[in-house]
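Inside the fold
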Amino acid sequence: MSAVRPETDVDLFGPEFVTDPFPQLARLRQQAAAVYSTKWDFYVLTRYEEIKAVAADWQTFSSGEGVALTPEINNVIAGTILSTDPPDHTVLREVLGDQLAPRGLGKIRAQIAEYAERIVAENVARGEFDAVREISRVFPINVVGDLVGLPLEGREKLQPGADATFAGMGPFGDYLLSHLEEMGAYHEWLEGMGDREKLVPGGWGEKIMDAVDAGKITPLQGTRLITAYLTAGMDTTVNAISALFRLFCERPEIWAALKADPSLAAPIFEETMRWHSPVVGFWRVATREATIGGVTIPAGSKVMLNWGAANHDPAKYDNPDDFQLDRNPLDHVAFGYGPHGCAGQGLARMEVVTLLQALAAQVDSIEPAGDVVVSMNPIVRGLKSVPIRVTAAS
Ligand code: HEM
């Protein structure tokens, strides 16, 4: 057990870190299994095995005490699916359990594939476009919007609102402060969705309202569950898709491999998730004194699970900063791990794989048509713009 607390004064949300966190994360990983941030007052975890162990041990590392950085936001999200521990958490998780299980997802596969084919066809006709604006920020928004049963009117608030809400899990910094308006408009709009009249019948929203009527959850929990699924299901998938477009521009041999063998869509997606890891990380609070890799964590401390750092741990993956086509890392933790492991990962996989297959079928070449612009959101690793030029399949 180390007598001296391992510390860092690196700004874990500064522009340099957000733009390229992996060199700094590698230094933190070498320093210790848990390193205390003197600027932000939490321990950051960067090693794969320790992150998995902490994520699984919800009794010692609680989500119910708050998964966001600031007490203000933790007050607001208390009692939501993200910010509860079993058994309350289990009740919330069960509400859409059938819909998100493989059988439930099987029923919507054709609908999602048809939409993927349509959005690719529309953009192939354009020839040159910003893949983030025209595909990444449109496809998952409408897939999840339709599944929940949201009206079409107002959907333009979803992506900017979800992006700002994710940022809200981190520090009250420049990014969040400059996106408060989007966040406010999104939550105001969603408040109204706890009303059956506004939701298209047969969707997840109605299923959640059924759970309210059956007394399984309260009306407030119902509205918040809709918000949670929308928020979690948008910016994450949006940025996974954007990362793939950038990858195809920068590594044409990966696009060529997908084109030659569309069954590579799933392994390419898994390696992108490991390599890019859209969700930077959330926090847990130690309910008692604990030890992580020899570092003492006092009771009440906050620990951050940095999923991307775990996915770049050389003790787990050889040459972790390199995207390897044949790696197929099914055990990556980009979807989290333990009781809070992503509830929508099957859907995310289905969305992205069907989109990649539609691209492979309809597009011959993808090449850059301008500079990539990186998002400075401190909690979602993202891209604001990936301009591309495509040619239609001959
Ligand atoms: C590539 C896309 C996605 C990524 C990278 C991702 C990542 C994550 C991560 C890391 C967590 C764990 C949070 C924690 O441990 O505190 C999580 C939770 C969650 N995700 Fe996803 N997610 C994605 C897509 C989706 C989709 C499509 C949906 C649903 C429509 C969704 C719904 C949820 C929900 C509801 C939770 C909370 C689960 C809980 O707290 O029990 N996610 N996601």
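Nothing here was measured: the structure is a model prediction, and the numbers come from that model. (Residues numbered from 1 in each chain as written. Predicted model: local features only at pLDDT ≥ 70, side-chain atom pairs only at ≥ 80, totals over all residues. Heavy atoms only, no water.)

1. What about the overall build of the chain?
- What the chain contains, in helices and strands, is 20 helices and 13 strands.
- By the compact-globule yardstick of 21 Å for 394 residues, the chain fits well, its C-alpha radius of gyration being 21 Å.
- Buried residues in the chain amount to 56% of all 394 residues.
- Put simply, 71% of the contacts in the chain that link residues at least 6 apart link residues at least 24 apart. (Helix = DSSP H or I, 4+ residues; strand = E, 2+ residues; numbered from the N terminus. Rg over C-alpha atoms; globule rule 2.2 N^0.38 Å. Buried < 20%, exposed > 50% of the residue type's maximum accessible area, 1.4 Å probe, protein only. Contact = heavy atoms within 4.5 Å.)

2. Brief notes about the sheet that holds strand 6 (residues 281–286)
- Reading across the sheet, the six strands line up as 1-2-3-9-6-4 and stay open at both edges, with mixed pairing between neighbours. Edge positions in the open sheet fall to strand 1 (7–8) and strand 4 (61–62), since each of these has one partner strand only.
- Sheet topology places strand 3 (residues 42–45) next to strand 9 (residues 302–306); three bridges connect them, and they run parallel. Following the sheet pairing, Tyr-43 is matched in strand 9 by Val-303.
- Across the sheet, helix 3 (residues 48–56) touches strand 3, strand 4 and strand 9, and the angle it forms with strand 9 is around 120°. (Pairing = 2+ DSSP bridges. Axes fitted to C-alpha atoms, helices over the stretch in contact; angles between N-to-C directions.)

3. Some details on the coordination of the iron atom of the ligand
- There is one protein donor for the iron atom of the ligand, namely Cys-342 (SG), at 2.3 Å.
- In this structure, Cys-342 sits in the loop between helix 19 (307–311) and helix 20 (345–362). (Donors = N, O, S within 2.8 Å, 3.2 Å for Na, K, Ca; no water.)

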